[in-house]
Amino acid sequence: MGDRPVIGVLALQGDVREHLRAIEAAGGVGRPVRRPAELEGIAGLIIPGGESTTIARLAEEFGLFEPVRRFVADGGAVYGSCAGMIMLADQILDGRPDQRGFGGIDMVVRRNAFGRQVDSFEAPVQIDGVEGGPFEAVFIRAPWVERIGDGVAVLGRVSQGPAAGRIVAVRQGNLLATAFHPELTGDLRVHRFFVTMAAGARL
Ligand code: GLN
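Residues numbered from 1 in each chain as written. Predicted model: local features only at pLDDT ≥ 70, side-chain atom pairs only at ≥ 80, totals over all residues. Heavy atoms only, no water.

### Focus on the site of the ligand
Neighbouring the ligand are the residues Gly49, Gly50, Glu51, Ser52, Cys82, Ala83, Ile86, Arg111, Asn112, Ile140, Arg141 and His181. Taking Arg141, its main chain carries an N or O atom lying 2.9 Å from a nitrogen atom of the ligand. Between His181 and the ligand, the recorded distance is 3.0 Å, taken from a side-chain N or O atom to a nitrogen atom. For the ligand, the accessible surface in isolation is 300 Å², of which the surrounding protein chains cover 97%. (Near = heavy atom within 4 Å. Polar contact = N/O pair within 3.5 Å; in protein donor to acceptor, adjacent residues only side chain to side chain. Areas by Shrake-Rupley, 256 points an atom, 1.4 Å probe, with all protein chains shown as cover.)

### What to know about the side chain of Glu38
By secondary structure assignment, the location of Glu38 is in the loop between β2 (29-33) and β3 (44-47). Looking at Glu38, the relative accessible area reads 18%, which means it is buried. Here the side chain of Glu38 touches Arg34 through a polar contact of 2.6 Å, landing on its backbone nitrogen. (Helix = DSSP H or I, 4+ residues; strand = E, 2+ residues; numbered from the N terminus. Buried < 20%, exposed > 50% of the residue type's maximum accessible area, 1.4 Å probe, protein only.)

### Quick word on the packing of aromatic side chains
Scanning the entire structure with this criterion turns up eight aromatic pairs. Grouping aromatic residues by their ring pairs yields a cluster made of Phe114, Phe121, Phe135, Phe139, Trp144 and Phe180. The ring of Trp144 carries Arg166 above its face, with NZ or CZ at 3.9 Å from the centroid. (Phe/Tyr/Trp six-rings, centres within 6.5 Å; stacked < 30°, edge-to-face > 60°. Lys NZ or Arg CZ within 6 Å of the ring centre and 35° of its normal.)

### Let's talk about the nonpolar core
Considering soluble globular proteins, one finds that nonpolar side chains tend to be buried as a cluster. By size, the foremost hydrophobic cluster in this structure holds 71 residues, and its most contacted members are Leu10, Phe102, Met107, Phe139, Val170, Phe180 and Phe194. Ranked by the residues each element gives to this core, the list is headed by helix α5 (residues 189-201), at seven residues. If we ignore the near neighbours within four places in the chain, the residues touching Val170 are Met85, Ile105, Met107, Val145, Ile148, Val152, Ala153, Val154, Leu155, Leu175, Leu176 and Ala177. (Core = buried A, V, L, I, M, F, W, Y, C linked by side-chain atoms within 4.5 Å. Contact = heavy atoms within 4.5 Å.)

### Points about the pattern of salt bridges
This structure, assessed with the given rule, holds nine salt bridges. Asp94 is the partner of Arg110 in a salt bridge, and the nearest nitrogen-oxygen pair spans 3.1 Å. With Arg110 in strand β6 (residues 105-110) and Asp94 in the loop between β5 (89-93) and β6, this residue pair connects regions lying 16 residues apart in the sequence. The class of Arg110 is partly exposed, set by a relative accessible area of 23%. (Salt bridge = Lys/Arg side-chain N within 4 Å of Asp/Glu carboxyl O.)

### Observations concerning the environment of Arg157
Among the structural elements, Arg157 can be located in strand β10 (residues 153-157). The sequence separation of Arg157 and Ala89 amounts to 68 residues, and the corresponding C-alpha distance is 17 Å. When near neighbours in sequence (up to four residues on either side) are disregarded, Arg157 contacts Val125, Gln126, Gly165, Arg166, Ile167 and Val168. Polar side-chain contacts of Arg157 include one of 3.0 Å to the backbone oxygen of Gly165.

### As for helix α3 (residues 65-73)
The set of residues buried in α3 consists of Phe65, Pro67, Val68, Phe71 and Val72. Packing partners of the buried residues in α3 comprise β1 (6-10), β3, α2 (52-61), β4 (77-81), α4 (83-88) and β12 (175-178). Gly75 sits one or two residues past α3 and shows a positive phi near 95°.

### Focus on the pairing of β12
Burial along β12 is two-sided: the residues Leu175 and Ala177 and Leu176 and Thr178 are all buried. As judged from the four bridges shared by β4 and β12, these two strands associate in the parallel manner. Pairing of Gly80 across the sheet is with Ala177, part of β12. With four bridges connecting them, strand β11 (residues 167-172) and β12 associate as antiparallel partners. Opposite Gln172, over in β12, you have Leu175 as the bridge partner. (Pairing = 2+ DSSP bridges.)

This is how it looks when you write it as structure tokens:
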């Protein structure tokens, strides 16, 4: 028990409960983060799916924007799924004109990239470093990664359909991002991967 890393989940909006449940099941201790003080002592932080503009606005309102931005910039382990991926991007396309993110990953993401008609879909994604075959990935008004910098590793791409080849999972140092929602599938492999990553990143 003592060795289970505490993983915070930014609990402003989005599928917070699902991530907390997945973290507990994947060997971590889940902690909702609504106040800056709750960032203290965590091994890693998850930014959930939801609506990136809303998450950004609430982060400002709760005084969490700057503390989270600093946690990311200081090398904290952070996993962003869907809207969380958008929040971790250094550049956002099709965002609102005033949209802000925490940044951290040297990438350009496009919001709602799969098209507004394509609200949600599932597709298998092979993820580097995650064993056991392709991940049945659930995409909901998802972004994709349009460009990456040299320091960014591509972990997964859409493997079939009109969006085949699009980058949907990346890692840069202690930052991990997926365009899809593993917390909705019951497949814990991405959460286990992140718990291990966060445990290793602990100072
Ligand atoms: N389209 C949403 C956004 O722009 C992300 C959707 C999601 O997280 N499921 O933030």
